[in-house]
Amino acid sequence: MTNTRTTAAREDLRLEPARVPATSASMRQARTPDDENIHPDGSRAAFVLRDWAADQPKSVARIWTVALDGGQATALTAGPGNDTHPRWSPDGQQLAFLSTRDGEQGSGSKAQIYVMPASGGTPRRLCTLPNGVESFAWSPDGSRLALLTWEGDEPAKDPVVVAPDRHRRLWTVALTSDQPAPVTPANLTIWEYAWSPDGQQLAVYYSAGPGETDWYRGQVGTVPAEGGAVRRLTQLTRQAAALAWSPDSSRIAYISGEWSDRGLVGGEVFIIPAAGGEPRNLTPGVEFSPSWVRWFPDGSRMLYAGWDSVAHQVGLLDETSCALTPLTRDFIIGGGGGPRLSTTPDLRRCVTHSSDRLHPSDVWVGELSGSAGADARLDWRQVTHLNALIEETTLLAPAEVISWEGADGWRIEGLFTRPLSATRGSPPPLVVQVHGGPSAAWQTDWRGGVMWGQICASAGFAVLQPNIRGGLGRGITFADAVLGDAGGKDLQDILSGIDYLVAQGLVDGERVGIIGWSYGGFMTAWAISQSRRFKAAMMGAGVCDYHSFHAQTNIPDWDMRILTADPLKQPEVYRARSALTFADTITTPTLILHGEQDPCVPVNQAYAFHRALLERNVPTELVIYPREGHGLAERDHVRDMDERIVRWLEKYL
């Protein structure tokens, strides 16, 4: 496997005086490609490019295209709204996408499906759904599209009536019609779907309940493409995703595991007969985390992608022998929640986006050569260069992969970033950044570097990003180790990592801070309630009180599954794992950041922790960002967050 970048990585960026240290403004201006879709003939790819517009608070998405054998990337769409989800028709003659551009019938900001010639031109709206479209997929013959939309009227906002969420329902619409037809019953929610190659049915991951929390209880089934009852195939106790059909439409592959968030995929590969039967695990005990599979036309092998330690892996999986043949490792494959690819029908060419700690994301093409044996080879080549200004003018700190012994003698890995400058003869202060989920992992990509790592390194801090137990990339056993033990041995993994760095003389053990968002926010609050090690903290969108979290979150299944407890039957477990229970012991100065409209971790968690610290005279600051949800999207809010974190760390470390 080879990787070819258009710009050579510089081994010592500190020798280039023209470069300036990273700031929030410089790092966050990176143009980010996503959701690449390769043309069926492999000649080009369409992708979404997010960029900042000077007159808008949020980034804007447009559809771009690039020839894979040479040429400049160009924009295909323009105008108001966001354009996303580009998909070539099976014959390659048309491109469909979603857009929130304004149109007739008062559709407003709800995304609708648009279709345009592959060569470019004026897009036409295919149909209008009152609630918009969440996603769509072409049928194998290209005559129609399956689409997902919400059932029923949008809830009123005044007054706010707490009622069940709306179901997500699967429909189809012919390319020659503007009238969709329902496929699934109105009383089920479809989370994911995939056409069978013969076009006769769709595989679905679905649930009886419509709420976000019902996703945790989903099952795999099939439904006729012309509509009908969903036939259940599985008896899952975990979640499933990445549905894929065998070429003869007889079998369905899927990935299954216990995941903290919808969209975070990494587990084991199963197949099940489409007509019904027992599922078969093709990767039992595998020590990485597959997240995506596709069958080769021969129907006996699959191409897979997955999380592997601090990077990703692509390889071949033999259905009969279950043999795994890695083709790519130590390479980042796009797809935030789980590595995945867009491939030509023969799987010989694929596209994704990739990055590393010194280079923002760009579109890459992969070429598969050889057979399933030892001669199989996957070569990667960069085809866009979207962020030359950042790459050539910003002083960046590379990350080192380190490992240490955590709880129970387990090997724990992480990324260590040294400060760009440090006081001679004195080890630098350390900032520990804990990832969210916990079904996630730090990787050697740009995204992980942007999230405060480079900014902190520019400010003189060393940064440790530990891949603690509970995350992806090390197999099911490692991921499951957090269940029933949130804040237990995963905290010991963090403390052991700090001890390791101190023992190596790399950081100052008396000046250690901890920051994190979501599960990382919980771990921050929990860590300072259990240890006096930390001299500064930032809790972002974190849980401090599991009882009130369960009462207000839109995913109450999350805490019951992570804590393996019922709040009404085992309240002592909820109290024992809540940082608020131990707030009387906290002395660490703590910055608390939260989105006002967060449905996942309600803002009451921030107010409760802030009040507790205030009443104990612990230095604290609470910042609530209006209009924001579980993550911040507005440019001014993101910049304020970045700069506020650095100021807090500088003040107390």
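What counts and how
- Residues numbered from 1 in each chain as written.
- Predicted model: local features only at pLDDT ≥ 70, side-chain atom pairs only at ≥ 80, totals over all residues.
- Heavy atoms only, no water.
- Pairing = 2+ DSSP bridges.
- Helix = DSSP H or I, 4+ residues; strand = E, 2+ residues; numbered from the N terminus.
- Salt bridge = Lys/Arg side-chain N within 4 Å of Asp/Glu carboxyl O.
- Buried < 20%, exposed > 50% of the residue type's maximum accessible area, 1.4 Å probe, protein only.
- Polar contact = N/O pair within 3.5 Å; in protein donor to acceptor, adjacent residues only side chain to side chain.
- Axes fitted to C-alpha atoms, helices over the stretch in contact; angles between N-to-C directions.
- Contact = heavy atoms within 4.5 Å.

Trainee: Which parts of the structure should I look at to understand the sheet that holds strand S18 (residues 231-232)?
Mentor: The strands making up a sheet associate through backbone hydrogen bonding, with each pair oriented either parallel or antiparallel. An order of S15-S16-S17-S18 is seen for the four strands of this open sheet, with the pairing classed as antiparallel. The sheet is open, and its two edges are formed by strand S15 (189-195) and S18, each paired on a single side. Summarising the sheet, S15 and strand S16 (residues 201-207) pair through six bridges and their orientation is antiparallel. When the sheet's bridge partners are listed, Tyr-193 is paired in S16 with Val-204.

Trainee: Is there a simple way to think about the pattern of salt bridges in this case?
Mentor: A side chain of one charge can pair with a side chain of the opposite charge if their charged atoms are brought near each other. Scanning the model with the defined rule gives 35 salt bridges in all. When the shortest N-O distance is used, the salt bridge between Arg-349 and Glu-367 registers 2.3 Å. One end of the pair, Arg-349, is in strand S28 (residues 349-356); the other, Glu-367, is in strand S29 (residues 359-369), and 18 residues separate them in sequence. The exposure class assigned to Arg-349 is buried, which follows from its relative accessible area of 14%. Across the salt bridge formed by Asp-499 and Arg-533, the nearest N and O atoms sit 2.6 Å from each other. Note that Asp-499 is positioned in helix H5 (residues 489-503) and Arg-533 in the loop between helix H6 (519-530) and strand S37 (536-540), a separation of 34 residues in sequence. With relative accessibility at 21%, the residue Arg-533 sits in the partly exposed group.

Trainee: What exactly am I supposed to notice about the pairing of strand S3 (residues 32-38) here?
Mentor: In regular strands, side chains alternate between the two faces of the sheet. The pairing of S3 with strand S4 (residues 44-52) spans five bridges and is antiparallel. Bridge pairing in S4 links Asn-37 to Ala-46. Turn length for the S3-S4 hairpin, with the two strands adjacent in sequence and antiparallel, is five residues, and the turn residue Gly-42 shows positive phi of about 80°.

Trainee: Help me understand the side chain of Asn-387, please; the structure alone is not making it clear to me.
Mentor: By the element assignment, Asn-387 lies in the loop between strand S30 (377-382) and helix H2 (388-393). Reaching out from Asn-387, the side chain makes a polar contact with the backbone nitrogen of Arg-31 at a distance of 2.7 Å.

Trainee: For this particular structure, what's the right way to read the sheet that holds strand S24 (residues 301-308)?
Mentor: Here four strands make up an open sheet; going across it, the order is S23-S24-S25-S26 and the pairing antiparallel. Looking at which strands have only one partner, the edges of the open sheet turn out to be strand S23 (289-295) and strand S26 (324-331). Mean inter-strand twist for the sheet, computed between neighbouring axes without regard to direction, equals 20°. Sheet topology note: the strand S25 (residues 311-318)/S26 ladder contains five bridges and is antiparallel. What sits directly across from Leu-317, in S26, is Leu-324.

Trainee: What is the right way to read unusual backbone geometry from this model?
Mentor: If a residue is not glycine, its phi is most likely negative; likewise, a peptide bond is most likely trans. Residue Asp-158 is joined to Pro-159 through a cis peptide bond whose omega torsion reads 0°. With respect to the helices and strands, Pro-159 occurs in the loop between strand S12 (144-150) and strand S13 (168-174). Pro-438 follows Gly-437 through a cis peptide bond whose omega is 15°. On the secondary structure map, Pro-438 appears in the loop between strand S34 (430-434) and helix H3 (446-458). With phi around 60°, Ala-242 is a residue other than glycine that occupies positive phi space. The topology assignment puts Ala-242 in strand S19 (residues 239-245). Take Ala-242: its relative accessible area is 12%, and that puts it in the buried class. The phi dihedral of Asp-408 is positive, around 65°, even though this residue is not glycine. Along the chain, the position of Asp-408 falls in the loop between strand S32 (399-405) and strand S33 (411-417).

Trainee: What is the right way to read the side chain of Ser-529 from this model?
Mentor: In this structure, Ser-529 sits in helix H6. Assessed through its relative accessible area of 7%, Ser-529 is described here as buried. Not counting residues up to four positions away in its chain, the partners in contact with Ser-529 are Ala-579, Phe-582, Thr-585 and Ile-586.

Trainee: What is the right way to look at the environment of Gly-406 in this model?
Mentor: Note that Gly-406 resides in the loop between S32 and S33. Residue Gly-406 is classed as buried on the basis of its relative accessible area, which comes to 9%. Along the chain, Gly-406 and Ser-250 lie 156 residues apart, while their C-alpha atoms are 45 Å from each other. For Gly-406, the residues in contact, after removing those within four places along its chain, are Ile-412, Arg-469, Asp-493 and Ser-496.

Trainee: Can you walk me through the environment of Tyr-546 in this structure?
Mentor: Structurally, Tyr-546 is set in helix H7 (residues 546-552). Spatially, the C-alpha atoms of Tyr-546 and Leu-68 are 50 Å apart, while their sequence positions differ by 478 residues. Residues in contact with Tyr-546, not counting those within four places in the same chain, are Phe-522, Trp-558, Asp-559, Leu-563, Tyr-574, Arg-577 and Ser-578.

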